[in-house]
Amino acid sequence: EAVPVSAQHGEGIADVAALVLAATRKKRAAAGLPEDGGGAAADDGAERPLRLAVLGRPNVGKSTLANALLGEERVITGPTPGTTRDAIAATCAWRGRPVHLVDTAGIRRASRRE
């Protein structure tokens, strides 16, 4: 299901979060796992970081979304297509849990790749 999102203006983020939460609860229930997300800790007791990649077409605001999620201007953004050429990784915390965020350069059709 497509959800319109504007990272720059913060619109649609709550809709995406609600859809992800609903899908996660549905999958956890189908797998017989508790709703609270138990089992997220690694075997040694330390919490594993959530690994999150921002994917999409080129020049649609992925880096702006990454900056909004990070709460700082970590990734260079601009109106020029191709500003992000390589994947850029950053680490932050969300609700006390470590998050490993990767901003990608964008997915192009095979016919448009060099």
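A. Region of interest: the overall build of the chain. Helix and strand content of the chain: two helices and three strands. Its helices and strands in sequence order give the chain the pattern α-β-α-β-β, from N to C terminus. Long-range contacts, defined as pairs at least 24 residues apart, comprise 41% of the intrachain contacts of the chain with a sequence gap of at least 6.

B. Just the layout of surface pockets, in detail. Roughly 390 Å³ of volume is contained in the second largest pocket. Forming the boundary of the second largest pocket are 20 residues, of which N59, G82, T83, T84 and A105 lie nearest the centre. A class-by-class count of the residues in the lining of the second largest pocket yields five nonpolar, 12 polar and three charged.

C. Main features of the environment of C92. If you trace the backbone, C92 turns up in strand β2 (residues 88-94). C-alpha of C92 to C-alpha of L69: the two residues are 23 residues apart in sequence and 8.9 Å apart in space. Sequence-distant contacts of C92, defined by excluding residues within four places in its chain, comprise L70, R97, P98 and V99.

D. A nonpolar patch on the surface, seen in detail. Taken together, the side chains of V5, I13, V16 and V20 present a nonpolar region at the surface, about 270 Å² in accessible area. Relative to the helices and strands, V16 resides in helix α1 (residues 13-31).

E. Region of interest: the sheet that holds β2. As summarised here, the arrangement of the three strands in space is β1-β3-β2, forming an open sheet in which the pairing is mixed. Every other strand in the sheet has two partners, leaving β1 (50-54) and β2 as the edge strands with one partner each. The average undirected angle you get between the axes of adjacent strands in this sheet is 25°. Pairing of β2 with strand β3 (residues 97-103), which is carried by seven bridges, proceeds in the antiparallel orientation.

F. Representation of the nonpolar core within the structure. With six residues, the main nonpolar core is built from V54, A66, L70, V75, A90 and L101. Setting aside anything within four residues of it in sequence, one finds V54 in contact with K62, L65, L101, V102, D103 and T104.

G. Structural context of α1. With 19 residues, α1 extends 27 Å between its outermost C-alpha atoms, agreeing within 8% with the 27 Å of an ideal straight helix rising 1.5 Å per residue. Positive backbone phi, approximately 75°, marks G32, located one or two places after α1.

H. Up close: unusual backbone geometry. Phi angles above zero are rare outside glycine, and N59 is one such case at about 60°. Position of N59 among the secondary structure elements: in the loop between β1 and α2 (62-70).

I. Molecular detail of α2. Within α2, the full set of buried residues consists of K62, S63, A66, N67 and L70. With its buried residues spanning 140° around the axis, α2 presents them on a single face. Next to the buried residues of α2 lie β1, β2 and β3. Just past α2, the residue G71 takes up positive phi, approximately 75°.

Rules of the game
- Residues numbered from 1 in each chain as written.
- Predicted model: local features only at pLDDT ≥ 70, side-chain atom pairs only at ≥ 80, totals over all residues.
- Heavy atoms only, no water.
- Helix = DSSP H or I, 4+ residues; strand = E, 2+ residues; numbered from the N terminus.
- Contact = heavy atoms within 4.5 Å.
- 1 Å grid on protein atoms, 1.4 Å probe; cavity = no way out; pocket = protein on both sides within 12 Å on 5 of 7 lines; lining within 4 Å.
- Points joined across faces, edges and corners; volume = space filled by probe spheres on them.
- Nonpolar A, V, L, I, M, F, W, Y, C, P; charged D, E, K, R; others polar.
- Patch = residues over 30% accessible without salt bridge, like charges linked within 9 Å, V, L, I, M, F, W, Y side chains within 5 Å.
- Areas by Shrake-Rupley, 256 points an atom, 1.4 Å probe, with all protein chains shown as cover.
- Salt bridge = Lys/Arg side-chain N within 4 Å of Asp/Glu carboxyl O.
- Pairing = 2+ DSSP bridges.
- Axes fitted to C-alpha atoms, helices over the stretch in contact; angles between N-to-C directions.
- Core = buried A, V, L, I, M, F, W, Y, C linked by side-chain atoms within 4.5 Å.
- Buried < 20%, exposed > 50% of the residue type's maximum accessible area, 1.4 Å probe, protein only.
- Expected span 1.5 Å × (residues − 1).
- Arc of directions from axis to C-beta.

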